[in-house]
Protein chains: 2
Amino acid sequence: MALTPAFLASLREALGEAHVLADGDLTAYEHDWRKRWRGRAAAVVRPASTAEVAQVVRLCRQQGVSIVPQGGNTGLVGGGVPDTTGTQVLLSLQRLRSIRQLDAQNLTLTAEAGCVLQHVQQAAADAGLLFPLSLAAEGSCTLGGNLATNAGGTQVLRFGNARDLCLGLEVVTAQGEVWNGLSGLRKDNTGYDLRNLFIGSEGTLGIITAATMKLFPQPAATQTALAACTTLDDAVALLGLAQRRLGAGLTGFEAMNRFSLDLVARHFAQLPQPLPDAPWTVLLELSDTEGDAAARLRLEQTLEDALGHGCVHDAVVAESLAQSQALWHVRESIPLAQAEEGLNIKHDISVPVSAIPAFVQQTDALLQQHLPGLRLVNFGHLGDGNLHYNVQAPAGEDPAHFLQAHEPLVNRIVYEQVMANGGSISAEHGVGQLKRHALQQHKSPVALQLMRSIKQALDPDGLMNPGRVL
Amino acid sequence: MALTPAFLASLREALGEAHVLADGDLTAYEHDWRKRWRGRAAAVVRPASTAEVAQVVRLCRQQGVSIVPQGGNTGLVGGGVPDTTGTQVLLSLQRLRSIRQLDAQNLTLTAEAGCVLQHVQQAAADAGLLFPLSLAAEGSCTLGGNLATNAGGTQVLRFGNARDLCLGLEVVTAQGEVWNGLSGLRKDNTGYDLRNLFIGSEGTLGIITAATMKLFPQPAATQTALAACTTLDDAVALLGLAQRRLGAGLTGFEAMNRFSLDLVARHFAQLPQPLPDAPWTVLLELSDTEGDAAARLRLEQTLEDALGHGCVHDAVVAESLAQSQALWHVRESIPLAQAEEGLNIKHDISVPVSAIPAFVQQTDALLQQHLPGLRLVNFGHLGDGNLHYNVQAPAGEDPAHFLQAHEPLVNRIVYEQVMANGGSISAEHGVGQLKRHALQQHKSPVALQLMRSIKQALDPDGLMNPGRVL
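Residues numbered from 1 in each chain as written. Chains lettered and ligands numbered in written order. Predicted model: local features only at pLDDT ≥ 70, side-chain atom pairs only at ≥ 80, totals over all residues. Heavy atoms only, no water.

**Structural notes on the sheet that holds strand S2 (residues 41–45) of chain B**
Residue and element names in this part refer to chain B.
So, step 1. Within the open sheet, the 4 strands sit side by side as S1-S2-S4-S3. Their pairing is mixed. Taken across any chain shown, the strands that pair with only one partner, and hence form the sheet edges, are strand S1 (20–21) and strand S3 (67–70).
So, step 2. By the bridge criterion, 4 bridges tie S3 to strand S4 (residues 88–92) in an arrangement that is parallel. Within S4, the position partnered with Val 68 by the bridge is Leu 90.
So, step 3. Contacting S2, S3 and S4, helix H3 (residues 50–63) crosses the sheet at an angle of about 175° to S4. (Pairing = 2+ DSSP bridges. Helix = DSSP H or I, 4+ residues; strand = E, 2+ residues; numbered from the N terminus. Contact = heavy atoms within 4.5 Å. Axes fitted to C-alpha atoms, helices over the stretch in contact; angles between N-to-C directions.)

In structure tokens:
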């Protein structure tokens, strides 16, 4: 079903000719950036304001046309591209890009959904403040998308995920009404937590159009170090030790297995290759309110303590900001190195921190038993219990063939072990289309029924991003 | 409608004779501790397990009997006592009091709803860890009640409210099913945020039976100081300065106006009376990972900086743990001193921190204009924008008569100013019965409609704590 000419005309009247695209090449909106999902939209609409978003929703509702909201189109689970039927309206938030307010005394910033994350970070920095949400796609992902998917990233250990950074939302409901919940309040116990219901709902309950986010004072100094650990048990022991000694100053704790760093060395030989023999390398970041000398001393004392304890056998502290950035760059190059090595099976899982060593040992063993020689690119936000536990084909084997033959088996083994350890099959990427079926298998039936009841209550016609999450 | 004998028998069969109370003096369950609400229950049931809670809900559902869940019965808004019809079943959670698990590596604790907050704090302390939720009623309030009302307290500035401390819930739904969402995960993006929907819903969507809560390393040292500020503007400037210098180490920031401390001096003459001329006194608490000497130095430097800046004109740092506790004791004695002075009109409001000085100035002036001579006991968690902005009758006037004559006018003036400043009429106490009508007046109609839709979806028969919140 294509859209009727009358309906297209009503959209054009609402938004202006230039912002209702129904012809020409729309693949920038219809395909996700990894080219994993290639949908087809009935039209792409680009409203410029909350009122225009509401009008589009009301028009679509009258016609029974479903809507797929899209931010920066950087998602990893196919949540923001239309399906292949050519019947859905793709609603891009990219023209809602004002930073409406920055309140330095209240440590808050109110920005529209289409603001690029990096611009939000910059606006905070320009006021001498910190907006800590940080992830690989920050140059193109949008605040609305970050909230719709409850994005994580590298600073969750200290500052929480997108949900934890949000104090208020503005949302266009499935009825096309505007809920103005843009509060800059730290405390508000006047009824149900609508904010957190919309956050992480991936556009299936309504469309986030703006948000009020927490800001923080900028740290006086930041120091980075790498530590070599023999086992994951040692890395978990180091985490506990660093949390005790550094408290909230510990703003980063990333673990990387040997193979993930070997891949970086192989494909990006120009990058530093510190601690080349460590089975596990941990990147620690300390943010401090005093200054560089005090921060460096604190980090060195923590590492000395860890060396004495035996959970670390070697360590390096970055000597300069440039060195610190280089160490982070190594960490952030793992996904790229992995892509250079060939197709692979990605997992974004979490388990309690205490369960990580056993989970990895058991799952490694089971996978090797079924598929001898496969290679594990295992790295991630150990401080949050979140690993990107990715599976690469055995050396010399065709990756595409390996994926085609074994992806279901690999996923089954990994997800069963995740569930057996009380974990989550999607820690920070969301569900989208990719994990919709896995969710039905692995989520509690009571939770799924509660979710369906809520979806039915808020979007009875099922027009908001259908086929995602549920 | 009294309960039928057959129904009572079925409850007794499920829970045992001793735990279904239908006769005798039940006022300990039926009246709130302040004797503001005096209800009457058809029966008081005391299940001992999640399965028994679920069974009670299913039995009540079959008979169309409504349920009022109750924890420690320390609430301030009448959310946990039955209405006066004598038709409701009061479900006490007090026998669900196991601490099911403490995972020191994962920094989590799983406890049942009826656990007294102080016992949870103690269990954490016994493991060398900190559970930071802290409030005046901690000796008798329960974890389930803390979560049902999203309790706040004095540590919100650093650690957030009950919601922010919770990683997972176990809930008995209105259908009498058990949702086991007891996750110890920092990151889990598998669908809608059911946890936060139940938190703060005051028992109107389901019954929280257990929760997994975050723990933290204990600080190495804690230091407390009082600072004298001439104006609230100065106090807000001090907050910003302390946040910049102390970062997450700033774990307390309480402001008290002159009259609130004068009342403490009048009614509790044995307590210390520091900074007796300060128009505003601020209590600052620093928690530190290094030690007492370092913490003291940091706090003193912060205060010196503030003296130099001019936002503080005098300050004292506690010399010992005993002195520190005495300073906190002064702060915590304000509500008691107020009660000694006579009945008063309490408000638990929040506005953005940046709006606090203007809000207080405007509201003080409007109240004095309408009711000359009234006295303002104004104190609270300034760091969270949360004030207990309480109104006491003019000196010499009969408090009861003043309340009867002027409470609606006072509330209207205060709440209108709160709304005009983008604030909340219930920052940390919840809605319950007390603010149900005020909520209808002051909450956005779109938000109220969303809340009603959710209530209808999860509790279609309206049996879960009816007449509260909505």
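**Some details on the pairing of strand S6 (residues 108–112) of chain B**
Residues and elements named next belong to chain B.
So, step 1. For S6, the buried fraction is high: 5 of the 5 residues fall into the buried class.
So, step 2. Burial of the side chains of S6 extends over both faces: Thr 108, Thr 110 and Glu 112 are buried on one face and Leu 109 and Ala 111 on the other.
So, step 3. Strand direction decides the pairing type here: strand S5 (residues 99–103) and S6, joined by 4 bridges, are antiparallel. Of the residues in S6, the one forming a bridge with Leu 102 is Leu 109.
So, step 4. The pairing of S6 with strand S10 (residues 206–214) spans 5 bridges and is antiparallel. Within S10, the position partnered with Leu 109 by the bridge is Met 213. (Buried < 20%, exposed > 50% of the residue type's maximum accessible area, 1.4 Å probe, protein only.)

**Section: the interface of chain A and chain B**
So, step 1. With 77 residues of chain A in contact, the opposing surface of chain B contributes 77 residues.
So, step 2. Carbon and sulfur atoms supply 59% of the area that chain A and chain B bury against each other, a total of about 6100 Å² over both sides.
So, step 3. Summed over the three residues of chain A that lose the most area to chain B, namely Lys 187, Asn 189 and Tyr 192 of chain A, the buried surface amounts to 17% of that side.
So, step 4. There are 8 salt bridges connecting chain A and chain B.
So, step 5. Here Asp 193 of chain A and Arg 163 of chain B are joined by a salt bridge, their closest N and O atoms 2.8 Å apart.
So, step 6. Of all the elements in the fold, those that place two or more residues in the side of chain A that touches chain B are helix H6 (156–159), strand S9 (178–181), helix H8 (194–198), helix H9 (232–246) and helix H17 (445–458) of chain A.
So, step 7. Broken down by element, the side of chain A that touches chain B gets its largest block of residues, 9 residues, from H17 of chain A. (Buried area = accessible area lost by both parts, 1.4 Å probe. Salt bridge = Lys/Arg side-chain N within 4 Å of Asp/Glu carboxyl O.)

**Some points on the sheet that holds S9 of chain A**
Residue and element names in this part refer to chain A.
So, step 1. The strand order across the open sheet built from 5 strands is S5-S6-S10-S8-S9, with neighbouring strands paired in antiparallel fashion. Each end of this open sheet is capped by a strand with a single partner; those strands are strand S5 (99–103) and S9. In this sheet, neighbouring strand axes are inclined to one another by 15° on average, regardless of whether the strands run parallel or antiparallel.
So, step 2. Bridging between strand S8 (residues 166–173) and strand S10 (residues 206–214) involves 7 bridges; their strand directions are antiparallel. Along S10, the bridge assignment pairs Val 171 with Ile 208.

**Thoughts on unusual backbone geometry**
All names here are of chain B.
So, step 1. With a phi angle near 55°, Leu 107 is a residue other than glycine that sits in the positive phi range.
So, step 2. One can find Leu 107 in the loop between S5 and S6.
So, step 3. If you check the backbone angles, Glu 202 has positive phi at about 55° while not being a glycine.
So, step 4. As for its position among the elements, Glu 202 is in the loop between helix H8 (194–198) and S10.
So, step 5. According to the relative accessible area criterion, Glu 202 is buried, its value standing at 6%.

**Re the domain arrangement of chain A**
All names here are of chain A.
So, step 1. Split into domains, chain A comes out as domain 1 (5–92), domain 2 (99–217), domain 3 (221–335) and domain 4 (342–434).
So, step 2. Inter-centroid distance (C-alpha atoms) of domain 3 to domain 4 is 23 Å.
So, step 3. Taken together, the 18 residues of domain 3 in the interface contact 14 residues of domain 4.
So, step 4. Among the residues of domain 3 in contact with domain 4, Leu 232, Val 236 and Phe 259 are the three that bury the most area, contributing 33% of the side total.
So, step 5. Taken together, the elements giving at least two residues each to the side of domain 3 that touches domain 4 come down to H9, strand S13 (250–257), helix H10 (258–267) and helix H13 (334–341). (Domains from an automatic or database assignment.)

**Side note on the nonpolar core**
So, step 1. Of all hydrophobic cores here, the largest spans 86 residues; its most connected members are Phe 131, Leu 147 and Leu 169 of chain A together with Phe 131, Leu 147 and Leu 169 of chain B.
So, step 2. Leave out the neighbours within four places in its chain, and Leu 147 of chain B touches Ala 162, Cys 166, Leu 169, Ile 199, Gly 200, Ile 208, Ala 211 and Met 213 of chain B. (Core = buried A, V, L, I, M, F, W, Y, C linked by side-chain atoms within 4.5 Å.)

**What about the environment of Ala 151 of chain B?**
Residue and element names in this part refer to chain B.
So, step 1. Relative to the helices and strands, Ala 151 resides in the loop between helix H5 (143–148) and helix H6 (156–159).
So, step 2. With 18 residues separating them in the primary sequence, Ala 151 and Leu 133 have C-alpha atoms 8.3 Å apart.
So, step 3. When residues no more than four places from it in sequence are discounted, the contact partners of Ala 151 are Leu 133, Leu 135, Asn 146, Asn 161, Ala 162 and Glu 428.

**Quick notes on the packing of helix H12 (residues 321–332) of chain B against helix H13 (residues 334–341) of chain B**
Residue and element names in this part refer to chain B.
So, step 1. In contact at an axis separation of 5 Å, H12 and H13 are set at 40° when each is read in the N-to-C sense. With respect to H13, the element H12 is oriented oblique. Where H12 approaches H13, its residues Val 330, Arg 331 and Glu 332 are matched on the opposing element by Ile 334, Pro 335 and Leu 336.
So, step 2. Counted by class, the contact of H12 with H13 contains 4 nonpolar, no polar and 2 charged residues. (Parallel < 35°, antiparallel > 145°, perpendicular 65-115°, else oblique. Nonpolar A, V, L, I, M, F, W, Y, C, P; charged D, E, K, R; others polar.)

**As for the pairing of strand S14 (residues 280–288) of chain A**
All names here are of chain A.
So, step 1. Counting buried positions over the 9 residues of S14 gives 9, a clear majority of the element.
So, step 2. Of the two faces of S14, both are covered, the one formed by Trp 280, Val 282, Leu 284, Leu 286 and Asp 288 as well as the one formed by Thr 281, Leu 283, Glu 285 and Ser 287.
So, step 3. In the sheet, strand S12 (residues 221–229) pairs with S14 via 9 bridges, with the strands oriented antiparallel. In the sheet register, Ala 225 faces S14, and the bridge partner there is Leu 284.

**Regarding the pattern of salt bridges**
So, step 1. In total, this model carries 40 salt bridges over all chains according to the counting rule given.
So, step 2. In this structure, Arg 298 of chain A and Glu 290 of chain B form a salt bridge, with 2.2 Å as the shortest nitrogen-oxygen distance. With Arg 298 of chain A in helix H11 (residues 292–309) and Glu 290 of chain B in the loop between strand S14 (280–288) and helix H11 (292–309), this pair bridges two chains.
So, step 3. Overall, the relative accessible area of 11% leaves Arg 298 of chain A in the buried class.
So, step 4. By relative accessible area, Glu 290 of chain B is classed as partly exposed at 41%.
So, step 5. Notably, a salt bridge pairs Arg 61 of chain B with Asp 461 of chain B, separated by 3.0 Å at the nearest N-O pair. Within this pair, whereas Arg 61 of chain B is found in helix H3, its partner Asp 461 of chain B is found in the segment after helix H17 (445–458), the two being separated by 400 residues in sequence.
So, step 6. Judged by its relative accessible area of 29%, Arg 61 of chain B is partly exposed.

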